[in-house]
Amino acid sequence: GSWSTNSKTKTKIIPDKTNIHNAYLKRYNSALQRFATFKHNAVKFGAIEQRVFEVFSKSHSDLNRLYSGKVTLRLQTGLSDTFSTAVRAAQYYIHDMRKIFDSENVPRELIYIAFVESMFNPKAISKVGASGMWQFMPSTAKQYMVLNSFIDERNSPLKAARAAARLLRDNYNILGTWPLAVTAYNHGAEGMIKARTALKTNDLSEIIKSYDSNTFGFASKNFYAEYVAARSSYHHLKNIRMFLEKDTSKPLASLTTTKSISLSQLIKSTRLSQATIVKYNPCLAKNAFKNYAHRKLPLDYKLYI
């Protein structure tokens, strides 16, 4: 749920499923109302007020927003079970993704962006058209991978991982720092160039705090923080006994076509089965063996087996 208060102390509360969340929302709402009414004297009311003041007193502008009641806070819950499941799912891909990021000269720690994008769900689809574990939009995908009616490499976790590594590396070459490059994965390199130029700084924290743009909203401002949180949480969970299981990550083998060949010809000339190709190559259209069995694969095309 989320809630906010303005200078007229109007409050909108979207009830959470648990009583404790509602209790916290009401308590923080009371604290904000007290700051709007009593200004600095609100800290005398209790620990919550003191905590709020500690957060907003770090800058004059933030303190003015607090005292004028122009503060919006967001509460997001329910990710712990999902994240635990995602950590287990990630084990299947983590070995190969590390090799891919190493080969592209991109810090392997950035593979944890996939937690933020999809919770390592290879079938993730967003309402705006992003697809796959790495959530590429079609326009960006076409710059880094094959995307047509027959093949959509956004849906291949490893091929999309290589595309993501190359996109991040390009962002870094343009912007010069990894925090900006990671934020650009969500907001776009051009958008981050505008922010950097407007404020004349490469400091992401300063950009988040001071850059004013209608397009630089909550998702973009919090993307790097969410990545850092996901990275930290992943390493924490990996150190818990329940996750110290035998590594389930299994490197996949691959083959690369050396001549123009169709799926039907590939099956006839090798020991590969349709089931194997479908299982390990979700980039192929669901009806690939029905409508595209005789369509030639791209030359030098990699298939996982």
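Residues numbered from 1 in each chain as written. Predicted model: local features only at pLDDT ≥ 70, side-chain atom pairs only at ≥ 80, totals over all residues. Heavy atoms only, no water.

Further remarks concern the environment of G69. The residue G69 is located in the loop between α3 (60-68) and β3 (71-74) in this model. A residue is classified by how much of its surface remains accessible, and G69, at 1% relative accessible area, is buried. Spatially, the C-alpha atoms of G69 and R34 are 9.2 Å apart, while their sequence positions differ by 35 residues. (Helix = DSSP H or I, 4+ residues; strand = E, 2+ residues; numbered from the N terminus. Buried < 20%, exposed > 50% of the residue type's maximum accessible area, 1.4 Å probe, protein only.)

The next point concerns the packing of aromatic side chains. Taken as a whole and judged by the stated rule, the model has 16 aromatic pairs. Ring centres 6.2 Å apart and planes at 25 degrees place the aromatic pair Y112 and F115 in the stacked group. Each of the two residues, Y112 as well as F115, counts as buried. Here the aromatic cluster, defined as three or more aromatic residues joined through ring pairs, consists of F83, Y112, F115, F120 and Y234. (Phe/Tyr/Trp six-rings, centres within 6.5 Å; stacked < 30°, edge-to-face > 60°.)

Here the focus is the confidence of the model for the chain. The share of residues in the chain with pLDDT of 70 or more is 90%, and the mean pLDDT across the chain is 89. Under a pLDDT of 50 for its full length, residues 1-11 has, in the predicted model, 34 contacts with residues more than four places off or in other chains. (pLDDT = per-residue confidence, 0-100. Contact = heavy atoms within 4.5 Å.)

Before going further, it helps to spend a moment on the nonpolar core. Ranked by internal contacts, the top residues of the largest apolar core, which has 40 residues, are F101, F115 and W134. For this core, the elements supplying multiple residues, two or more each, are α4 (80-90), α5 (94-103), α6 (113-118), α7 (138-144), α8 (157-175), α9 (178-187) and α12 (218-238). In terms of residue count, α8 provides more of this core than any other element does, eight residues in total. Residues in contact with F101, not counting those within four places in the same chain, are V106, P107, R108, L110, I111, W134, A161, A165 and L168. The next biggest cluster of nonpolar side chains, apart from the first, holds 16 residues, and it includes I151, I261, L263 and C283. (Core = buried A, V, L, I, M, F, W, Y, C linked by side-chain atoms within 4.5 Å.)

This paragraph deals with unusual backbone geometry. In this structure, M119 takes a positive phi of about 55 degrees despite not being glycine. In this fold, M119 is placed in the loop between α6 and α7. Backbone geometry places F120, a non-glycine residue, at a positive phi of 60 degrees. Its location among the elements puts F120 in the loop between α6 and α7. The class for F120 is buried, based on a relative accessible area of 2%.

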